[in-house]
Amino acid sequence: VQDVAPDRFRQARLGAAELVNNLEGDRVALIAFAGKASLLCPLTVDHEAVSLFLDTVDLETAPIPGTALADALRTATEAFGPEATETDDSRGRMIVLYSDGEDHEEGLEDAIRAMRRAGVVLHAVGVGTVEGGPVPETDPDGRVVDYKKDRDGLVVTSRLDEGVLEKLALETGGRYFRATSSGLEIDALLDAVESLDAGALDAVVRVRYEERFAVPALLALLALLAELCIGDGRGKRLPGEGS
């Protein structure tokens, strides 16, 4: 969807890439999702590897239409490993979610409870605008050839749902940010990582390449809804079209 420049998908990917490039020492995982979540890269201190996986994310990465947000959050929580339980070792876990907030499945409340039990803080980055935009249909070369329509032949509009993202952040102790073309939210996210490491959770020691300790200073980067571009066209119309 092109209600932000260059479009939602690429804005999210650029933001996630900048965040990864500015992290130091934290273990990072990468998850992509639309109708189903996929763990593209497990937790690693090799940020170059994460960046390579991030570069490969495209609309074919998550070919199932829809937005299985709860499934993505469960996958992200599980990425921290079987030790992600309600113990002191569960401190220092963060999920950064890039999404337009649309949710076409159920289970968000269960996912929130699972994150809280595992000591996971979620920071949400909203991508898109509340006014929204039409959902493009593209040819094999990526050129827009039409726009998705509903059963009545009306153009479908996808809109940023900030309420869902704010709820996820609030109920896990995180914050909500609106994605910007200048990347102002990146600095705030990096500050949040520093706060998580240094103060809010009793000075958790960060995992570095030496792997001197099995310390839980972990970051799961939950990124890149294919839904940001493709949508699934459930009952959303352009303003002024139809009744």
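Residues numbered from 1 in each chain as written. Predicted model: local features only at pLDDT ≥ 70, side-chain atom pairs only at ≥ 80, totals over all residues. Heavy atoms only, no water.

*Asks:* Give a detailed account of the nonpolar core, specifying residues and quantitative values.
*Replies:* Note that soluble globular proteins tend to have their nonpolar side chains buried in a common cluster. Within the largest apolar cluster, 29 residues are counted, with the highest numbers of intra-cluster contacts made by Leu19, Leu30, Val96, Tyr98, Leu189 and Leu221. Every element with two or more residues in this core is listed here: helix H1 (8-21), strand S1 (27-33), helix H2 (47-56), strand S3 (93-99), strand S4 (120-126) and helix H6 (184-200). Considering each element in turn, this core owes the most residues, seven residues, to H6. Excluding residues within four positions of it along the chain, leucine 189 makes contact with Leu19, Val96, Tyr98, His123, Val125 and Phe177. (Core = buried A, V, L, I, M, F, W, Y, C linked by side-chain atoms within 4.5 Å. Buried < 20%, exposed > 50% of the residue type's maximum accessible area, 1.4 Å probe, protein only. Helix = DSSP H or I, 4+ residues; strand = E, 2+ residues; numbered from the N terminus. Contact = heavy atoms within 4.5 Å.)

*Asks:* Now, about unusual backbone geometry: what can you tell me, with residues and values included?
*Replies:* Note the cis peptide between alanine 5 and proline 6, where omega equals -5 degrees. Mapped onto the elements, proline 6 comes out in the segment before H1.

*Asks:* Describe the pairing of strand S2 (residues 37-44), listing the residues and the values that go with them.
*Replies:* In terms of strand pairing, S1 meets S2 through five bridges, oriented antiparallel. Looking at the pairing, leucine 30 lines up with cysteine 41 of S2. What sits between S1 and S2 in their antiparallel hairpin is a turn of three residues. (Pairing = 2+ DSSP bridges.)

*Asks:* Provide a residue-level description of the packing of helix H4 (residues 108-117) against helix H5 (residues 162-171), including the pertinent values.
*Replies:* Across the interface, H4 lies against H5 with an axial gap of 10 Å and an inter-helix angle of 30 degrees. If you check the angle between H4 and H5, you find them roughly parallel. The chirality of how H4 crosses H5 is right-handed. Contacts between H4 and H5 pair Leu108, Glu109, Ile112, Met115 and Arg116 from the former with Val164, Lys167, Leu168 and Glu171 from the latter. (Axes fitted to C-alpha atoms, helices over the stretch in contact; angles between N-to-C directions. Parallel < 35°, antiparallel > 145°, perpendicular 65-115°, else oblique. Left-handed = near helix turned anticlockwise from the far one by under 90°.)

*Asks:* Tell me about the environment of threonine 56, and name the residues and values.
*Replies:* Structurally, threonine 56 can be placed in helix H2. Among the polar contacts listed, one links the side chain of threonine 56 to the backbone oxygen of phenylalanine 53, at a separation of 2.6 Å. (Polar contact = N/O pair within 3.5 Å; in protein donor to acceptor, adjacent residues only side chain to side chain.)

*Asks:* I'd like a description of H5, backed by residues and values.
*Replies:* Structurally, the α-helix is built with 3.6 residues per turn, so residues lying three or four positions apart point the same way. Glu162, Val164, Leu165, Leu168 and Ala169 are the residues of H5 that are buried. Seen from one end, H5 has its buried residues packed into an arc of 165 degrees, which puts them on one side. The secondary structure elements touched by the buried residues of H5 are helix H3 (69-78), S3, H4, S4 and strand S9 (176-178). (Arc of directions from axis to C-beta.)

*Asks:* Run through the pattern of salt bridges, naming residues and quoting values.
*Replies:* Scanning the model with the defined rule gives 10 salt bridges in all. One salt bridge in this structure joins arginine 178 and glutamate 162, with 2.9 Å as the shortest N-O distance. Of this pair, arginine 178 sits in strand S9 while glutamate 162 is found in helix H5, placing the two residues 16 residues apart along the sequence. Look at arginine 178 and you get partly exposed, because its relative accessible area is 36%. A salt bridge links lysine 167 to glutamate 171, with the nearest nitrogen and oxygen atoms 2.6 Å apart. Here glutamate 171 and lysine 167 lie together in helix H5, a separation of four residues that amounts to about one turn. Overall, glutamate 171 belongs to the partly exposed group, its relative accessible area being 24%. Each of Asp3, Arg8 and Asp100 takes part in salt bridges that share partners, so that together they form one network. (Salt bridge = Lys/Arg side-chain N within 4 Å of Asp/Glu carboxyl O.)

*Asks:* Tell me about the packing of H1 against H2, residues and numbers included.
*Replies:* It is at 10 Å that the axes of H1 and H2 come closest, and there the two elements cross at 175 degrees. As the angle between them shows, H1 and H2 are arranged roughly antiparallel. Between H1, through Arg13, Ala16, Ala17, Val20 and Asn21, and H2, the contact on the second element is made entirely by His47, Val50, Ser51, Leu54 and Asp55. Across the contact of H1 with H2, the residue classes tally to five nonpolar, three polar and two charged. (Nonpolar A, V, L, I, M, F, W, Y, C, P; charged D, E, K, R; others polar.)

*Asks:* Can you break down the pairing of strand S7 (residues 144-147) residue by residue, with the values?
*Replies:* As judged from the three bridges shared by strand S6 (residues 136-138) and S7, these two strands associate in the antiparallel manner. By the bridge assignment, threonine 138 is partnered in S7 with valine 144. Counting the residues in the hairpin turn of S6 and S7 gives five residues, including glycine 142, whose phi is positive at 85 degrees.

*Asks:* Any details on the confidence of the model for the chain? Residues and values, ideally.
*Replies:* Any segment with low pLDDT has predicted coordinates that should not be analysed in fine detail. Averaged over every residue, the pLDDT of the chain is 77; the share at 70 or more is 73%. Of the regions scoring below 50 in pLDDT, residues 199-217 engages in 42 contacts with residues more than four places distant in sequence or in other chains. A low-confidence stretch, residues 224-243 stays under pLDDT 50, and its non-local contacts, those more than four residues away or across chains, total 76 contacts. (pLDDT = per-residue confidence, 0-100.)

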